[in-house]
Amino acid sequence: MNYRYLGRSGLLVSRICLGTMNFGMKDWGCDKQVSSKIIGEFIESGGNFIDTADVYSDGISEEMLGIALRDHQRDDLVIATKSWFRMGDSPNSKGLSRKYILEAVENSMRRLKTDYIDLYQVHGPDWFTPMEETMRALDDLVRQGKVRYIGCSNYYGWQIVKANAIAEHYGLERFISGQHLYNIVRRDIEREILPACADQGLGLLCWSPLASGFLSGRYERNQAPPEGSRISYRKNIDIPRYFSDAAFDVVDELKIISNETNKNLTQLSLAWLLYDQRVTSVIIGPRTVEQLNDSLHVSEWNLSPEQHERLANASNFSQGYPMEWVDSSYANISGIEEFSPGHFRHPMDRN
Ligand SMILES: NC(=O)c1ccc[n+]([C@@H]2O[C@H](COP(=O)([O-])OP(=O)(O)OC[C@H]3O[C@@H](n4cnc5c(N)ncnc54)[C@H](OP(=O)(O)O)[C@@H]3O)[C@@H](O)[C@H]2O)c1
């Protein structure tokens with residue numbers, strides 16, 4: 001297993017993070033026994049980074065993790081969880097207010113049977129709570145020793161920059177990670193969010209790196225999802241999110257590269273994300289031990305630059321405005337510098 005530093009921090013995490021959203025999930029998830037086996041094998045392989053959230057199966061995912069972790073060295077692991085979703089009937093049982101965050105952390109620690117959380121993430125943006133209130137509450141948790149590091153998830157690029165600017169201004173803890181939807185058929189975050197993360201020293205953690213399993217090659221153009229597949233249970237969410245001609249073109253290219261490399265579509269898709277050093281970890285979501293072991297093949301294996309580029313081109317992704325404008329206008333003001341600003345990298349990163 002290879003490890004990467006999480007953003008601008010000293011925390012080393014495995015580049016494969018074990019996601020636990022499937023644990024305890026009716027229909028498309030796995031039960032207590034299988035989830036314990038998955039956790040055991042993941043840790044055995046050298047994985048140290050595990051992601052959950054209070055909302056996954058209404059707290060059951062955290063509880064299953066807590067039970068499974070009794071057989072492992074807690075301090076060797078980096079446990080990440082999140083809050084934001086509504087978890088109770090009271091008006092305040094949701095969001096990112098001081099009152100709720102402090103309550104949510106206690107509840108997560110109880111379910112996880114731990115007295116600290118390594119990475120506490122806000123699961124989404126709260127449009128009503130002032131960011132100062134949220135960042136102070138998170139900072140308090142770090143000072144109290146209940147939380148080691150903080151991160152965000154599903155934030156817009158401007159919110160990432162604003163939150164860390166507030167933290168900087170008041171001398172509070174800064175976000176070190178951003179957890180976002182990123183896979184080879186949904187590359188939206190390359191426009192604003194990924195550059196914001198790189199600028200602010202946040203390591204990117206990719207959720208749904210296989211596009212809910214679409215990138216395993218299990219699905220066919222113009223055909224209904226096979227019975228029992230995850231997408232067959234989540235048609236309303238995943239079909240509009242992933243099924244398009246362009247996405248199936250990517251699957252076709254994955255199949256060609258798979259024949260050349262002896263790696264399957266899943267492994268190629270995960271390796272495509274990890275090729276970018278701004279990505280710290282891919283959060284895998286195995287339903288079975290076999291799926292876990294299959295994904296673990298990319299613990300150390302990397303794509304070649306040529307394979308990476310072929311897949312990037314197959315996905316037909318457009319950076320859109322303002323990047324198009326900058327591309328077409330840049331020559332007008334420059335050309336004598338040794339380096340030109342890449343959209344894909346921070347301008348100061350010249351390696
Ligand atoms: N922050 C957020 O808002 C957010 C949102 C979503 C997820 N997450 C995190 O990200 C993690 C991963 O997300 P995800 O579950 O959507 O990931 P994903 O990898 O895109 O999808 C997982 C699904 O893909 C299939 N699969 C998994 N491994 C496979 C393999 N090796 N070969 C073939 N098929 C495989 C399984 O579906 P089948 O049952 O069809 O085989 C599985 O349920 C979650 O557990 C959670 O920790 C965070």
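### Topic: the site of the ligand
Around the ligand there are 29 residues in total, and Gly19, Met21, Leu210, Gly213 and Gly285 lie nearest to it. When contributions to the shell around the ligand are tallied by element, the ones reaching two or more residues are strand 10 (279–284) and helix 11 (289–295). For the shell around the ligand, the element with the highest residue contribution is helix 11, accounting for three residues. Among the residues making up the shell around the ligand, the classes are represented as nine nonpolar, 16 polar and four charged.

### A closer look at the nonpolar core
Core analysis: the largest hydrophobic core is formed by 89 residues, its most contacted members being Cys17, Phe214 and Val282. The leading source of residues in this core is helix 10 (residues 265–274), at seven residues. Setting aside residues no more than four positions away along its own chain, Phe214 makes contact with Val185, Tyr219, Ile231, Tyr242 and Ala247.

### Comments concerning the environment of Asn259
Relative to the helices and strands, Asn259 is located in helix 9 (residues 245–261). By the C-beta count within 10 Å, which is 9 here, Asn259 ends up exposed. For Asn259 and Trp28, which are 231 residues apart along the polypeptide, the C-alpha to C-alpha distance reads 29 Å.

### Considerations on unusual backbone geometry
At the junction of Tyr321 and Pro322, the peptide bond is cis and its omega measures out at 5 degrees in the coordinates. Summarising the element assignment, Pro322 is placed in the loop between helix 12 (305–314) and helix 13 (323–333). Residues other than glycine seldom take positive phi values, yet Lys113 does so here, at roughly 55 degrees. Along the chain, Lys113 falls in the loop between helix 3 (98–112) and strand 6 (117–122). One non-glycine residue, Ala211, lies in the positive phi region at around 55 degrees. Positionally, Ala211 belongs in the loop between strand 9 (203–207) and helix 7 (230–233). Taking the number of C-beta atoms within 10 Å as the measure of exposure, Ala211 has 24 and is therefore buried.

### Points about the confidence of the model for the chain
Mean pLDDT over the chain: 94, with 96% of residues reaching 70 or higher. Taken as a whole, residues 344–351 scores under 50 in pLDDT and shows four contacts with residues more than four places along the chain or in a different chain.

### Some details on the packing of helix 2 (residues 60–69) against helix 3
Helix 3 packs onto helix 2 with a crossing angle of 45 degrees between their chain directions and a minimal axis gap of 7 Å. As far as their axial angle goes, helix 3 and helix 2 are oblique. Contacts between helix 2 and helix 3 involve Glu62, Glu63, Leu65 and Gly66 from the first element and Ser108, Arg111 and Leu112 from the second. When the residues that make up the contact of helix 2 with helix 3 are grouped by side-chain class, the tally is two nonpolar, two polar and three charged.

What counts, and at which threshold
- For every chain, the first residue of its written sequence is number 1, and the numbers climb from 1 along that sequence.
- Given that the model is predicted, a residue must reach a pLDDT of at least 70 before its local features are reported, and side-chain atom pairs must reach 80 or more before they are shown or counted; all residues, however, enter totals for whole chains, interfaces and linings.
- As a rule, any residue with its backbone-derived C-beta atom within 6 Å of a molecule or strand is reported as near that molecule or strand.
- In DSSP terms, a helix is any run of H or I states spanning at least four residues, a strand is any run of E spanning at least two, and both are numbered starting from the N terminus.
- Ten residue types, Ala, Val, Leu, Ile, Met, Phe, Trp, Tyr, Cys and Pro, are classed as nonpolar, four, Asp, Glu, Lys and Arg, as charged, and the remainder, Gly among them, as polar.
- Take the buried Ala, Val, Leu, Ile, Met, Phe, Trp, Tyr and Cys residues, join any whose C-beta atoms are within 7 Å, and the set you get is a nonpolar core.
- The exposure scheme places C-beta atoms from the backbone and then counts, for each residue, the other C-beta atoms within 10 Å of its own, assigning buried at 20 or more, exposed at 12 or fewer, and partly exposed in between.
- For every residue pair, C-beta atoms are placed from the backbone, and the pair is scored as a contact if these atoms sit within 7 Å.
- You can read pLDDT as the predictor saying how much it trusts each residue, on a scale of 0 to 100.
- In this analysis, axes come from line fits to C-alpha atoms, helices being fitted only over the stretch in contact, and the angle between any two N-to-C directions falls in the range 0 to 180 degrees.
- Should an angle lie under 35 degrees it is considered roughly parallel, over 145 roughly antiparallel, and from 65 to 115 roughly perpendicular; all remaining angles are considered oblique.

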